[in-house]
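Each chain is listed here by its residues.
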Amino acid sequence: MKKPIIAGVFAVLIMLQIAIPVSMIAKREVTLKYGAAFKFKTAPVDPYDAFRGRYVALSMEQGKAPALPGLVMQYGEKVYAVLSVDETGFAKVTGVTRTKPDDIPGGAFLEARVAYTKEDGYVYLDWPMDRYYMEESAAPRAEALYWQHSTSKQRDAQVVVRVLDGFAVIEGLYIDGRRIEAVLKEKAK
Amino acid sequence: MNKKMVLWLYQELPALVGKGVLTQASSDSLRAHYGEVKAVDRRSFVVILCAIIGSLLIGLGIILLFAHNWEQFSRPTRAGLSLLPLVMAQALALWVVFKKPDSLALKESSATFLSLMVGSSLALIGQTYNIPNDTPAFILTWMLLILPLAYLMEASIPAVMYVFGISAWAGQFWRDPSWSILFWPLLALVVPHFIWSLKQEKYAIRSTILAFVMAIGICSGVGFTRCRGWEGSWVVIYSSLATVFYFLGSWEFHGISTNWQRPFARVGAFGVFVMMFLFTFDSPWHSLSFHDVTTLKPSAWVVVPDVVLAGLLFTGSLLMTYPYIQRRDWVRVQWGALPLFALFGYTFGGSSEGLVMLIFNLYVLFISIYRIMAGIKANDLGITNTGMFMLSALVLARFFDSNLDFIFKGLVFIAVGIGFLLTNIMVMRKKGGAA
């Protein structure tokens, strides 16, 4: 190949290699800044990823929504869950649609996948939030901390998610209403 | 002709001319016949290898450092940090391409480093923003962003990473062939680089490694993209694939001097043996399925990819065996016969399992003994040893096979043992007669 061609193609490649990470960052920063905040109850468990490090796997509750009558959902199907807040302050799914809902103020709907459907008329959803990355020694301690808390009857681990236009970004993981990083730091003292 | 032998001949020539065994003219015509032999520059190879390994280790080290997860940095700092090594690696790669375009070591190592940093950047963003686990998307984005480096930098490590990457990607969809079938167009994207590398003479190890990786990639691709709508098709497909590889690798290429420069032949021969050995057991025939599960609904078109694969590979293997029948190269024909045996097994394996098993046991027994004999005849310890290895594997497998009764096994063992002793005696007598 001739040098000018190599230079041109190389320039395009470099821009792509930068543009894709940058767009990934930008989309999430925008969601964190302008998205509506929702609280989800969760149970953190500590696994490991060779590339991305340790995280707590979030097993979310509230993955259940009444199916619209006459709508048959398939496993793995992409759906939009319409979100609202229940009386305890946590996120609640009020309905599930196949098409992107555009008449909801604040964009309070979230893209999810169908985990399964049941005879009880509910659709069970897989949320797109499944990992919360933590510093390597912190992740196992976070899990231990959660289990200490959950034995005392009330489960008070929650994840706060910013939702914008169907897209969700995790803002933080909270235990007892405080950020898990802060709780762990205090415990370490 | 083996390079080492030619080099040896060239060393001998002056002495032979000096002693009057050869005339100068015939020495010159010998040199003209074999042509110039380029000695492999071992030092430059070591330099390239060290450069690649070094940049691999540094790149992986950077990924690990970031995986620690530095909580004390703010989110924007971490976002910036995830791009920093990428930009540095890009700058390095650019400098190499435009300032040091002749250094293979620099090109390969900087391309390797940049490839890893693309992955590192994507991974770190995933970590910073708690991006949901979507391994296939992560792998595919990464791979597509590094593949052009194989072409722009004429570097093969990104191509190797790409082949492994798309194989891993297809593996994520092994139960959903409607996705994994995209493995083939993705693999096609790297083929021009592979062909280019075959045309390069100065760096034969490159094409060897690439061919090896391609062979492994194609094997896993076939496995992941089969639709599994046709039970037992794997019997014919894998047998034919191994045979096709075996014959592809047997083609003559310029500059090939050792068997290790024939990765397709190696992978193919290994595959042929594994398949024929597997077929001596009863489990493949019990039910002709092989964990055949798919999320695709059974319908007519589901079997189409399997039929196409089986048809192409089977026909291909027959066509490639034919020239060796004409040349009476029986060692190769024996290996090329596997797809026919496999088709027979597929057809009758369900109904008369015992017969098919017996045939495959005799087939492996025959091939291994033939190899041992051929190796002794040609004084080639390699062939003898592979024959011995195949035979030992077969013997061990049958000895521990619980499905045969002891009397039968005992009699067969004694018969084979007597056969061995007889051949031994025959070989000894032949040698004695020759001496």
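Criteria and thresholds
Numbering of residues starts from 1 in each chain and follows the order in which that chain's sequence is written. Chain A is the first chain written and ligand 1 is the first ligand written, with later ones labelled in order. Local features in this predicted model are restricted to residues of pLDDT 70 or higher, and side-chain atom pairs are both shown and tallied only at a pLDDT of 80 or more, whereas totals for entire chains, interfaces and linings draw on every residue. For the purposes of this entry, the term helix denotes a DSSP run of H or I that reaches at least four residues, the term strand denotes a run of E that reaches at least two, and both are numbered from the N terminus. Each residue is classified by how many other C-beta atoms fall within 10 Å of its C-beta atom, where C-beta atoms are placed from the backbone; a count of 20 or more means buried, 12 or fewer means exposed, and values in between mean partly exposed. It is the C-beta atoms, placed from the backbone, that decide contacts: two residues are in contact if theirs lie within 7 Å. Fitting a line to C-alpha atoms yields each axis, with helices limited to the stretch in contact; the angle taken between N-to-C directions then spans 0 to 180 degrees. Note on angle classes: values under 35 degrees are labelled roughly parallel, values over 145 roughly antiparallel, values of 65 to 115 roughly perpendicular, and the remainder oblique. When residues are grouped by polarity, Ala, Val, Leu, Ile, Met, Phe, Trp, Tyr, Cys and Pro land in nonpolar, Asp, Glu, Lys and Arg in charged, and all others, Gly among them, in polar. What we call a nonpolar core is a set of buried Ala, Val, Leu, Ile, Met, Phe, Trp, Tyr and Cys residues whose membership is set by joining through C-beta atoms within 7 Å. In short, DSSP must find at least two bridges between two strands for them to pair. Across the chain, each position has a pLDDT score giving the predictor's confidence in that residue, from 0 to 100. The span one expects for a helix is its residue count, reduced by one, times 1.5 Å.

## A closer look at the overall build of chain B
So, point 1. Each helix and strand in chain B was counted, giving 20 helices and zero strands.
So, point 2. Residues counted as buried form 37% of the 435 residues belonging to chain B.
So, point 3. Excluding contacts between residues fewer than 6 apart, the proportion of contacts in chain B whose partners are at least 24 apart in sequence is 71%.

## Thoughts on the environment of B:Val236
All names here are of chain B.
So, point 1. Inspection of the secondary structure puts Val236 in helix α12 (residues 233-250).
So, point 2. Assessed through the 24 C-beta atoms surrounding it within 10 Å, Val236 is described here as buried.
So, point 3. Considered as a pair, Val236 and Met275 are 39 residues apart in the sequence and their alpha carbons are 9.9 Å apart.
So, point 4. With sequence-adjacent residues up to four places away left out, Val236 is seen in contact with Ala310, Phe314, Pro339, Ala342, Leu343 and Tyr346.

## Comments concerning the packing of α12(B) against helix α17 (residues 338-348) of chain B
Residue and element names in this part refer to chain B.
So, point 1. Remark: α12 packs on α17, axes separated minimally by 8 Å, with the N-to-C direction vectors making an angle of 175 degrees. Judged on the interaxial angle alone, α17 and α12 are roughly antiparallel. Every residue of α17 that contacts α12 at Val235, Val236, Ser239, Ser240, Ala242 and Thr243 is listed here: Leu338, Pro339, Ala342, Leu343, Gly345 and Tyr346.
So, point 2. Tallied by class, residues from the contact of α12 with α17 come to eight nonpolar, four polar and no charged.

## Considerations on the nonpolar core
So, point 1. If you look at the biggest cluster of nonpolar residues, it comprises 136 residues, and the most contacted ones within it are A:Ala81, A:Leu83, A:Val161, B:Ile146, B:Tyr162 and B:Val272.
So, point 2. Here this core takes 13 residues from helix α5 (residues 104-128) of chain B, the largest share from any one element.
So, point 3. The residues touching B:Tyr162, leaving out its near neighbours within four places in the chain, are B:Met143, B:Ile146, B:Leu147, B:Ala150 and B:Val190.

## Side note on the pairing of strand β10 (residues 157-164) of chain A
Residues and elements named next belong to chain A.
So, point 1. Most of β10 is tucked away, with seven of its eight residues classed as buried.
So, point 2. Two elements, β10 and strand β11 (residues 167-175), share eight bridges in a ladder whose sense is antiparallel. Within the sheet, the bridge partner assigned to Leu164 lies in β11 and is Phe167.
So, point 3. Hairpin connection between β10 and β11: a loop of two residues separates the two successive antiparallel strands, and Asp165 in this loop has a positive phi of roughly 55 degrees.

## Side note on the pairing of strand β5 (residues 78-85) of chain A
Residues and elements named next belong to chain A.
So, point 1. One ladder, built from five bridges, connects β5 with strand β7 (residues 109-117); its direction is antiparallel. Residue Val82 lies in a different strand from β7, and its bridge partner there is Phe109.
So, point 2. Two elements, β5 and strand β6 (residues 91-97), share six bridges in a ladder whose sense is antiparallel. Among the inter-strand pairings, Ser84 is bridged to a residue of β6, identified as Lys92.
So, point 3. The turn joining β5 and β6, which pair antiparallel and follow one another in sequence, is formed by five residues; a positive phi near 95 degrees is taken by Gly89.

## A closer look at the sheet that holds strand β4 (residues 64-66) of chain A
Residues and elements named next belong to chain A.
So, point 1. Strand order in the open sheet formed by five strands is β4-β8-β7-β5-β6, and the pairing between neighbours is antiparallel. The open sheet has two edge strands, β4 and β6, and neither has a second partner. Sheet twist, expressed as the mean angle between neighbouring strand axes with direction ignored, is 50 degrees.

## Some remarks on the environment of B:Ala67
Residue and element names in this part refer to chain B.
So, point 1. Inspection of the secondary structure assignment puts Ala67 in helix α3 (residues 42-67).
So, point 2. You can call Ala67 buried: it has 20 C-beta atoms within 10 Å.
So, point 3. For Ala67 and Leu309, which are 242 residues apart along the polypeptide, the C-alpha to C-alpha distance reads 42 Å.

## A look at the confidence of the model for chain A
Low pLDDT means the predicted atomic positions in that stretch should not be read closely.
So, point 1. Per-residue confidence for chain A gives a mean pLDDT of 78; residues scoring 70 or more make up 83%.
So, point 2. The secondary structure element of chain A with the lowest average pLDDT is strand β2 (residues 48-49) of chain A, at 64, and the one with the highest is helix α1 (residues 3-34) of chain A, at 88.

## Section: the environment of B:Phe420
So, point 1. In this structure, B:Phe420 sits in helix α20 (residues 406-434).
So, point 2. C-beta crowding within 10 Å serves as the criterion here: with 13 such atoms nearby, B:Phe420 is assigned to the partly exposed category.

## Observations concerning the interface of chain A and chain B
So, point 1. Residue-level contacts link 29 residues of chain A with 28 residues of chain B.
So, point 2. Counting residues per element, the ones that place at least two in the side of chain A that touches chain B are α1, β3 (53-60), β9 (131-133) and β11 of chain A.
So, point 3. Tallying contributions element by element places α1(A) first for the side of chain A that touches chain B, with 13 residues.

## Regarding unusual backbone geometry
Residues and elements named next belong to chain B.
So, point 1. The phi torsion at Asn130 lies on the positive side, around 50 degrees, for a residue other than glycine.
So, point 2. For Asn130, the location among the structural elements is in the loop between α5 and α6 (135-152).
So, point 3. Of note, Glu154 is a non-glycine position whose phi angle comes to about 50 degrees, a positive value.
So, point 4. Within the fold, Glu154 resides in the loop between α6 and α7 (157-172).
So, point 5. The exposure class assigned to Glu154 is buried, which follows from the 21 C-beta atoms found within 10 Å.

## Observations regarding α12(B)
So, point 1. Over its 18 residues, α12(B) extends 26 Å from the first C-alpha to the last, a length consistent with the 26 Å expected when each residue adds 1.5 Å.
So, point 2. With 16 of 18 residues buried, α12(B) is to be regarded as a mostly interior element.

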